[in-house]
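# Coordinate analysis (summary)
Single-letter residue listing:
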Amino acid sequence: MTTASSTAITGGDLTLGSGLLAVLRPALLLTEEGGVVSLASTNSSNRFDLPRWCQVEHHHYLRCESQNEVDTHFIQRGPFPRLRHYEVPSFELTEFSLEELTARTPFPKTAQTTSAFAPRGADLEEGRPNFPFSIHDHRFAGPPEVARLYDQATKNQWSSLHDIPWRKLKPLPRPLNLAVSQVMTFLAENEFSALYLPSRFVSTVHPYFMETSLFLATQLADEARHIDAFMKRAWACGEKPGVSAVSTADSLLSLLKSRDFLEATFLLSVLGEGTFLDLLAFIENHAPDDVTAEIVRRARQDESRHVHFGIAHVQHSLSTSPSVRTHLKASVERRASDLANMSGAPTMLQDALVVLAAGDTSPKNLRRGHDKYRELLDTMSTNRIKRLKSSGFSEEEADYLSELHTPNFM
Amino acid sequence: MAKDTIILGAVAYLPKVVTIWEGIRDFFEAQGAPLDFVLFSNYERQVEYLLESKIDIAWNAPLAHVRIKHHTGGKSLSLGMRDSDRDFHSRLIVRKDSAIKNPKDIEGKTLAVGSRDSTQAKILPLHFLKAEGVDLNKVNVVSFDVDLGKHGDTGMSELDVLAALHDGKAPAGTIGDLIWVTEQAAGHIDPNVVECVWVTPGFDHCMFDALPNLDPQKVERFKKALFAMKWENASHRRLLELEGLKEWLPPREEGYKSLKEAVSDQKIAL
Ligand SMILES: [Fe+2]
Ligand SMILES: [Fe+2]
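Keep in mind the model is a prediction, meaning the values are calculated, not measured.

## Quick word on the coordination of the iron ion (ligand 1)
Residue and element names in this part refer to chain A. Within the protein, E191 (OE), E191 (OE), E223 (OE), H226 (ND1) and E303 (OE) serve as the donor atoms for the iron ion (ligand 1), at 1.8 to 2.6 Å. Within one chain, the residues donating to the iron ion (ligand 1) are spaced in sequence as E-x31-E-x2-H-x76-E. Here the iron ion (ligand 1) and the iron ion (ligand 2) are spaced 3.4 Å apart, and both take E223 as a donor. Taken together, the residues E191 in helix α5 (residues 174-202) and E303 in helix α9 (residues 290-320) connect sequence positions 112 residues apart. Given the relative accessible area of 1%, E191 is considered buried.

This is the structure we're talking about:
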């Protein structure tokens, strides 16, 4: 790519103002400091213009040799600093996936604040300003597999307008109608926190870890779509949205207080969205109509990606920086003490889930529905412990942290 | 203010001048040569203040340098210059459709020139054209007198000359070669319309001037700090790039000979 010796280029009758620089500047850029570019030119005005231009640009104009109306100008590349914070050999892409690109240009250990928005691998001109990214250490910037998750996310984007069979929706008996609307209200409310919390951290991730910022962008788009679909479903059958509980608001406020990206990912994705996976599966199983089932099925698919990212991110940080273990545990303890007065999921949500699982309001089915709801809580707890263990916590820690998790699920 | 602080005068021809001198002041401070600067709106006042010893050193454009030399009987101290101040040239540029191929051809035509106090855009190009045998009495010289007092530092009058040629208001004009190459490189010059047909001999540009009686220790401290500024050092480089040089060089007087002759010939008040 670069040559230390000399490069010969031809400029025809071009002048500085008519396109010559488009061949001269790139040639100098690819030449190492001290290397020489020789330029053949038939335009004699360059005899005067080139030396002056070289001085302005801090190159060294060596001499001009003239023969048969052709001037050959010799220019020595000036001492231009080109920083290389990131060095990999060139390659050709074959798959065009982000996973492939990341495999060829792996995450750096740390990123320089001055590289700013310069893409990984670009040579940097010196004298750059510092950018205020707080995450420039790979241990806290996301796991390497985030590229694969981003590829999955872009492949699996869907649209609430085109992919949901809204026209098939028929009015349900009133209790089920109300239950669906309440559940959708709860889901949408919690989804807002999943939209707002990660968005705060996108701008803190150094762009050298672009896979993480790009993935977070897909996550935000996912959450926006979930809110959109859940709210449409809440209104679709002539009901208004249900009730928003103080306990949900308390729980989400304490989630928003997460102080850094890792803590936010842990509380939101591993614990909150993880628990939501079981909730969404429950709603899909007991959905009274195909539209509700399809919405939560698709949302669940997206959420499992967010949870996958969360577990991998926490696992990567814990394994490379064991000291964050205490920090993460403390964050769960902080939330638990914030929410010490909360005893269970919001009552209106509990009732709505029982009615959905019952399918109607006959005492026999309600009893069955209630059993299903209690089973859901057990399932949530079991799976939360599994996810905590996958994230790198011990059995004992996982039991303890799962127990402290908010009864609001998110 | 400590009495060993060097007080330097500079003309504020653009806002970046403040950035430049604040940077240089901090650099000098770090070099153990305390320095403060005073900004002037024009070179006339700066020259007056130096001659009255109200400032220690003036960063002077060539006409101001020649004035200081004149008023001190050639005894003023020259302390240093930029590499880019050496071998400045001016250009005779013409419209391609004007049939002007060499200096003589401008007789009987309109010649757009820069401000009357611009060395590179008016004083020296006219001087050199005359030396080339052009009868200036036969030339309709139109001067763009903008930013007077700043001696052409802003380059505005040269941009006016270029615009006049592009707009067909004048078939020929004179500008300095710095504007000529930077405007070409920026794509602001239409090569189908405008070309350069003649280059003047070289001359030198700015200089740090001081009176002969300036405290020799200040002179020493100033020179030592100035020449310690190195392109290889990234923090110095930022200042050097702003001020448009790669290296500070020792002074040389012969680069102002043509300007001295021009000033006397054109009866410019000193
Ligand atoms: Fe979501
Ligand atoms: Fe999510």
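## Some words on the coordination of the iron ion (ligand 2)
Looking at the metal site, the iron ion (ligand 2) is ligated by E223 of chain A (OE), E273 of chain A (OE), E303 of chain A (OE), E303 of chain A (OE) and H306 of chain A (ND1), spaced 1.9 to 2.7 Å from it. The sequence motif formed by the donor residues of the iron ion (ligand 2) is E-x49-E-x29-E-x2-H.

## Thoughts on the domain arrangement of chain A
Each assigned domain of chain A is listed here: domain 1 (6-76) and domain 2 (146-404). Placing a centre on the C-alpha atoms of domain 1 of chain A and another on those of domain 2 of chain A gives a separation of 63 Å.

## Digging into the interface of chain A and chain B
On the chain B side, the residues contacting the 17 residues of chain A number 22 residues. Summing both partners gives a buried area of about 1,700 Å² for chain A against chain B, and 55% of it is carried by carbon and sulfur. When the buried surface of chain A facing chain B is broken down by residue, G17, R52 and H58 of chain A rank first, second and third, together holding 36% of it. For the interface between chain A and chain B, the tally reads 2 salt bridges. For D177 of chain B, the salt bridge is made with R52 of chain A, and the minimal N-O distance between the two is 2.9 Å. Taken together, the connections running from chain A to chain B amount to 8 residue pairs in polar contact (both at pLDDT 80 or more). When residues of the side of chain A that touches chain B are traced back to their parent elements, those giving at least two are α1 (21-29) and α2 (46-56) of chain A. A per-element tally of the side of chain A that touches chain B places α2 of chain A first, with 6 residues. A per-class count over the side of chain A that touches chain B returns 7 nonpolar, 6 polar and 4 charged.

## Some points on the nonpolar core
One broad trend across soluble globular proteins is that nonpolar side chains are buried collectively. Formed by 80 residues in total, the largest nonpolar core has its most connected members in L187, F230, F266, L279, L353 and F409 of chain A. By residue number, the principal contributor to this core is helix α8 (residues 261-285) of chain A, which donates 14 residues. Among the nonpolar cores identified, the runner-up in size contains 41 residues, and F27, A33, V47 and F222 of chain B belong to it.

## Considerations on the domain arrangement of chain B
Residues and elements named next belong to chain B. Per the domain assignment, the segments making up chain B are domain 1 (6-85 + 205-265) and domain 2 (90-199). On the side of domain 2, 13 residues touch domain 1, which itself brings 18 residues to the contact. A buried area of about 1,300 Å², summed over both sides, lies between domain 1 and domain 2, and 61% of it is on carbon and sulfur atoms. A salt bridge links D265 to K130, with the shortest nitrogen-to-oxygen separation between them at 2.8 Å. Our count for the domain 1 to domain 2 interface comes out at 6 residue pairs in polar contact (both at pLDDT 80 or more). Taken together, the elements giving at least two residues each to the side of domain 1 that touches domain 2 come down to α2 (43-51), α3 (62-71) and α9 (257-265). Per-element tally for the side of domain 1 that touches domain 2: the top contributor is α9, with 5 residues.

Cut-offs and rules
Residues numbered from 1 in each chain as written. Chains lettered and ligands numbered in written order. Predicted model: local features only at pLDDT ≥ 70, side-chain atom pairs only at ≥ 80, totals over all residues. Heavy atoms only, no water. Donors = N, O, S within 2.8 Å, 3.2 Å for Na, K, Ca; no water. Helix = DSSP H or I, 4+ residues; strand = E, 2+ residues; numbered from the N terminus. Buried < 20%, exposed > 50% of the residue type's maximum accessible area, 1.4 Å probe, protein only. Domains from an automatic or database assignment. Contact = heavy atoms within 4.5 Å. Buried area = accessible area lost by both parts, 1.4 Å probe. Salt bridge = Lys/Arg side-chain N within 4 Å of Asp/Glu carboxyl O. Polar contact = N/O pair within 3.5 Å; in protein donor to acceptor, adjacent residues only side chain to side chain. Nonpolar A, V, L, I, M, F, W, Y, C, P; charged D, E, K, R; others polar. Core = buried A, V, L, I, M, F, W, Y, C linked by side-chain atoms within 4.5 Å.

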